[in-house]
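These are the residues of each chain, in order.
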Amino acid sequence: QVQLVESGGGLVQIGDSLRLSCAASGRTFRNYVAGWFRQAPGKEREFVAAISRSGSTTYSADSVKGRFTISRDNAKNMVYLQMNILKLEDTAVYYCAAGTMRGVAGLTEEDYDNWGQGTQVTVSS
């Protein structure tokens, strides 16, 4: 098990950039796939981006492709989500997740068994 703590959320304007960070506990974090999910008010939690254990393979949702980039630094036990050209519809609580699934990376909530507490991102006009 790993514990995850997100940071970096806040209030920004349309078109701004923001970088979310996720700090993981434990020396075996490199053995976990990692991902970011988000939940907007009144909506289900949805997949945003995922990254493989080594960081060499990434996936992102169509809604954020070309704007958001997931990365990780296993030496620091960190996962990041760089968010550019933010839109109103990006407003949500963003969650970091880690899992021990067998595949390259997880695209669904069921692939993850460790979750952070979430960080709020609000995009205003």
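Attention in this report is confined to the structure presented alongside it.

The rules behind each value
- Counting of residues starts from 1 at the beginning of each chain's written sequence and follows it residue by residue.
- In view of the model being predicted, local features appear only for residues whose pLDDT reaches at least 70, and side-chain atom pairs are presented and counted only at 80 or more, with totals across whole chains, interfaces and linings using the full set of residues.
- The side-chain quantities take in all heavy atoms of the structure and omit both hydrogens and water.
- For the purposes of this entry, the term helix denotes a DSSP run of H or I that reaches at least four residues, the term strand denotes a run of E that reaches at least two, and both are numbered from the N terminus.
- Only heavy atoms enter the contact rule, under which two residues are in contact if any of them lie within 4.5 Å.
- Each residue gets one of three labels from its accessible area relative to the maximum for its type: buried under 20%, exposed over 50%, partly exposed in between, using a 1.4 Å probe on protein chains only.
- Any two strands with at least two DSSP-identified bridges between them are counted as paired.
- Each Phe, Tyr or Trp ring (for Trp, its six-membered ring) is paired with any other whose centre lies within 6.5 Å, and the angle between the two planes then decides the class: stacked below 30 degrees, edge-to-face above 60, tilted in between.
- Think of it as a cone above the ring: NZ of Lys or CZ of Arg counts as a charge over the ring if it is within 6 Å of the ring centre and within 35 degrees of the ring normal.

### Here we look at the environment of Trp 115
With respect to the helices, strands and loops of the structure, Trp 115 is situated in strand 10 (residues 114-115). Taking the C-alpha atoms as reference points, Trp 115 and Ala 34, separated by 81 residues in sequence, lie 9.9 Å from one another. In this structure Trp 115 touches Leu 4, Phe 37, Arg 45, Tyr 95, Cys 96, Ala 97 and Glu 109, once residues within four positions along its chain are discounted.

### Topic: the pairing of strand 5 (residues 46-51)
Extensive coverage of strand 5 is indicated by the burial of five of its six residues. Looking at chain direction, strand 4 (residues 33-39) and strand 5 are connected through five bridges and run antiparallel. The partner of Ala 34 across the bridge, within strand 5, is Ile 51. As consecutive antiparallel partners, strand 4 and strand 5 are separated by six residues, and within that stretch Gly 42 has a phi angle of approximately 75 degrees, a positive value. Pairing analysis gives three bridges linking strand 5 to strand 6 (residues 58-60), with the strands arranged antiparallel. The residue bridging Ala 49 from the neighbouring strand is Ser 60, located in strand 6. Between strand 5 and strand 6, which pair antiparallel and follow one another directly, the connecting turn spans six residues, one of which, Gly 55, has a positive phi of 90 degrees.

### With respect to the pairing of strand 4
Counting buried residues in strand 4 gives six out of seven residues, a clear majority hidden from the surface. Bridge count between strand 4 and strand 9 (residues 92-99): seven bridges; the pairing is antiparallel. Bridged to Trp 36 within strand 9 is Cys 96.

### A short note on unusual backbone geometry
Residue Asn 77 is not a glycine yet carries a positive backbone phi of 55 degrees. Structurally, the position occupied by Asn 77 is in the loop between strand 7 (68-73) and strand 8 (78-83). The phi torsion at Ile 85 lies on the positive side, around 50 degrees, for a residue other than glycine. Counting through the fold element by element, Ile 85 comes out in the loop between strand 8 and strand 9.

### Some thoughts on the packing of aromatic side chains
Tallying each qualifying case throughout the model produces four aromatic pairs. Between Tyr 112 and Trp 115 the ring centres are 6.1 Å apart and the planes differ by 70 degrees, which places this aromatic pair in the edge-to-face class. An aromatic cluster of at least three residues, connected via ring pairs, comprises Phe 37, Phe 47, Tyr 112 and Trp 115. In this structure, Arg 45 packs its charged tip against the face of Tyr 95, placed 4.8 Å from the ring centre. The aromatic ring of Phe 29 is capped on one face by Arg 72, whose charged end is 4.6 Å from the ring centroid.

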